[in-house]
Amino acid sequence: MSDKKMILYLLDTDPLPSPFDINVAYDAGYDIVVPMGGINEWNIVRIIEDAMFSRGEKGAKNTKIFLNGSNHAQLKRILDIARESMIPGFELTTCIDPRGGYTTGATLVAQVEAYLHLIEKKSLKDCKVIIFAGTGMVGQTVSVLCAKGGAETTLLSRSQERAERAANELNMTYRVDIKPEAMGDEIHRVELCEDKNLVFTCGAPGVQLISATTLQKIPENKIYADANAVPPLGIEGIEPMWKGVEYENSYIFGALSTGQVKLKVEKTVLQEMMDASGFEIFSFLEYYDFAKEIIERKKNKKKSKE
Ligand SMILES: NC(=O)c1ccc[n+]([C@@H]2O[C@H](COP(=O)([O-])OP(=O)(O)OC[C@H]3O[C@@H](n4cnc5c(N)ncnc54)[C@H](OP(=O)(O)O)[C@@H]3O)[C@@H](O)[C@H]2O)c1
């Protein structure tokens, strides 16, 4: 066991790192959490070098990086620069979760997938999936995971150009086949949802994407999952705490239904990082595996109590 304290640098492109992540990091068992805001492409190199070389090779193993921020493109550039700045033997294990978007998207998909299996004995590869507001961090995460799981996946935006840009980038990076579409008016939204099994609404806080009348017009027997917990919610008439509640002859997951699992996923990531060494990157593909394990354990625990 190393006598070096376990330190987490919480590096954020926004001015203020979130107390949420600081609290989760301490609860995960870190000795010291250092929140630093205003991280950019220019100051990241010095921060990585100073964090890396100040504690020797043993110390580098106990020094971890958590990258966060609202600007996803900038965060990806910073991750690349951080990776290039690390010297063999001194690499710092790193995780990335832009404003909770990766952990939230991964949890949302794992939760819906478990429910899909429970009620219909189906998996993602049997499904057609549509993601409203798929251009944000949550929507992109959901889109990639569904496509990787074998679902026919359509990503929506208000703008055809933004949908294409996001889908093209994801398709190239993750070798998937996500189809871009503009969301359009109510008639078009109903048409787009008609043959889909799963509908995710991943809009910005307070943005309603499916009105009550639209929902009534969409054919039944679908699973809906909303990411927006700020009223008005992504789907009119639902409740944020709903977890597979039957409504309008479909099943609904509200935004707050994922809260506990998402929190456990983040804690698990931070704990797994403590045991990892070298430049291992934890991102949403790993978070998705953790979310599935956590949901499976919960299910087994419930079964053993019955
Ligand atoms: N529970 C958690 O811990 C947690 C963590 C992260 C996020 N969330 C929630 O998950 C949701 C998605 O998060 P995010 O960070 O991915 O969101 P985001 O980037 O702020 O927004 C997602 C997309 O919403 C669309 N949008 C924005 N304003 C709109 C408007 N007025 N009308 C229609 N569409 C609009 C935009 O797509 P287009 O411009 O392409 O149409 C945008 O790309 C949010 O509601 C957020 O609060 C929850």
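On a predicted model such as this, the values are computed, not experimentally measured, just so you know.

1. Focus on the packing of helix α5 (residues 101–120) against helix α11 (residues 284–305)
Thinking step 1. One can describe the packing of α5 onto α11 by two numbers: an axis separation of 8 Å at closest approach and a directional angle of 45°. One way to sum up the angle between α5 and α11 is to call them oblique. Between α5 and α11 lies a crossing whose hand is right-handed. For the pair formed by α5 and α11, the contact residues are Tyr102, Thr103, Ala106, Thr107, Val109, Ala110, Gln111, Glu113 and Ala114 on the first element and Phe284, Tyr287, Tyr288, Ala291, Lys292 and Ile295 on the second.
Thinking step 2. By residue class, the composition of the contact of α5 with α11 is ten nonpolar, three polar and two charged.

2. Considerations on the site of the ligand
Thinking step 1. The environment of the ligand is made up of 19 residues, and the closest members are Thr104, Thr135, Ser157, Arg158 and Gly203.
Thinking step 2. The backbone of Met137 places a nitrogen or oxygen atom 3.0 Å from an oxygen atom of the ligand.
Thinking step 3. Ala204 is positioned such that a nitrogen or oxygen atom in its backbone is 3.2 Å from an oxygen atom of the ligand.
Thinking step 4. Surface burial for the ligand is 70%, taken as the share of its 910 Å² of free accessible area covered by protein chains.
Thinking step 5. Tallied by class, residues from the shell around the ligand come to eight nonpolar, seven polar and four charged.
Thinking step 6. Counting residues domain by domain, the shell around the ligand receives three or more from each of domain 1 (7–100 + 261–302) and domain 2 (104–258).

3. Re the pattern of salt bridges
Thinking step 1. As enumerated under the stated definition, the model contains 15 salt bridges in all.
Thinking step 2. The partner of Arg77 in a salt bridge is Glu41, and the shortest N-O contact between them spans 2.9 Å. Of this pair, Arg77 sits in helix α4 (residues 72–85) while Glu41 is found in the loop between β2 (32–36) and α2 (44–53), placing the two residues 36 residues apart along the sequence.
Thinking step 3. The partly exposed category is assigned to Arg77, whose relative accessible area is 42%.
Thinking step 4. When the shortest N-O distance is used, the salt bridge between Asp80 and Arg83 registers 3.5 Å. Of this pair, Asp80 and Arg83 are both found in helix α4, three residues apart, which corresponds to roughly one turn of the helix.
Thinking step 5. Overlapping salt bridges, with partners in common, bring together Asp12, Asp14 and Arg99 in one network.

4. Focus on the domain arrangement of the protein
Thinking step 1. What the domain assignment reports for the protein is domain 1 (7–100 + 261–302) and domain 2 (104–258).
Thinking step 2. Of note, the centres of domain 1 and domain 2, computed from C-alpha atoms alone, are 28 Å apart.
Thinking step 3. Of the residues lining the interface, 15 residues belong to domain 1; the matching set on domain 2 comes to 19 residues.
Thinking step 4. Across the domain 1 to domain 2 interface the summed buried area is about 1,400 Å²; carbon plus sulfur atoms make up 66%.

5. Focus: the environment of Ser257
Thinking step 1. For Ser257, the position within the fold is in the loop between β11 (250–253) and α10 (259–275).
Thinking step 2. When its relative accessible area of 7% is taken as the criterion, Ser257 is described as buried.
Thinking step 3. Separated by 149 residues in the primary sequence, Ser257 and Leu108 have C-alpha atoms spaced 8.8 Å apart.
Thinking step 4. Among the polar contacts listed, one links the side chain of Ser257 to the side chain of Gln111, at a separation of 3.1 Å.
Thinking step 5. A distance of 2.7 Å separates the side chain of Ser257 from the backbone oxygen of Gly254, its partner in a polar contact.

6. Here we look at the environment of Val230
Thinking step 1. Within the secondary structure, Val230 is located in the loop between β9 (223–226) and β10 (243–247).
Thinking step 2. In this structure the C-alpha to C-alpha distance between Val230 and Gly100, which are 130 residues apart in sequence, comes to 15 Å.
Thinking step 3. If we skip the residues at most four places from it in the chain, Val230 touches Pro205 and Gly206.

7. Section: helix α1 (residues 19–28)
Thinking step 1. For α1, every residue scored as buried is listed here: Asp21, Ile22, Val24, Ala25 and Ala28. The buried residues of α1 occupy one face: seen down the axis, they fall within an arc of 165°. Facing away from the buried side of α1 by more than 90 degrees, the exposed set consists of Pro19 and Asp27.
Thinking step 2. In this structure, the buried residues of α1 make contact with β1 (7–12), β2, β3 (63–68) and α10.
Thinking step 3. With a side-chain oxygen positioned 2.9 Å from the backbone nitrogen of Phe20, the residue opening α1 is Ser18.
Thinking step 4. A positive phi of about 115° marks Gly29, the residue just after α1.

Calculation notes
- Residues numbered from 1 in each chain as written.
- Predicted model: local features only at pLDDT ≥ 70, side-chain atom pairs only at ≥ 80, totals over all residues.
- Heavy atoms only, no water.
- Axes fitted to C-alpha atoms, helices over the stretch in contact; angles between N-to-C directions.
- Helix = DSSP H or I, 4+ residues; strand = E, 2+ residues; numbered from the N terminus.
- Parallel < 35°, antiparallel > 145°, perpendicular 65-115°, else oblique.
- Left-handed = near helix turned anticlockwise from the far one by under 90°.
- Contact = heavy atoms within 4.5 Å.
- Nonpolar A, V, L, I, M, F, W, Y, C, P; charged D, E, K, R; others polar.
- Near = heavy atom within 4 Å.
- Polar contact = N/O pair within 3.5 Å; in protein donor to acceptor, adjacent residues only side chain to side chain.
- Areas by Shrake-Rupley, 256 points an atom, 1.4 Å probe, with all protein chains shown as cover.
- Domains from an automatic or database assignment.
- Salt bridge = Lys/Arg side-chain N within 4 Å of Asp/Glu carboxyl O.
- Buried < 20%, exposed > 50% of the residue type's maximum accessible area, 1.4 Å probe, protein only.
- Buried area = accessible area lost by both parts, 1.4 Å probe.
- Arc of directions from axis to C-beta.

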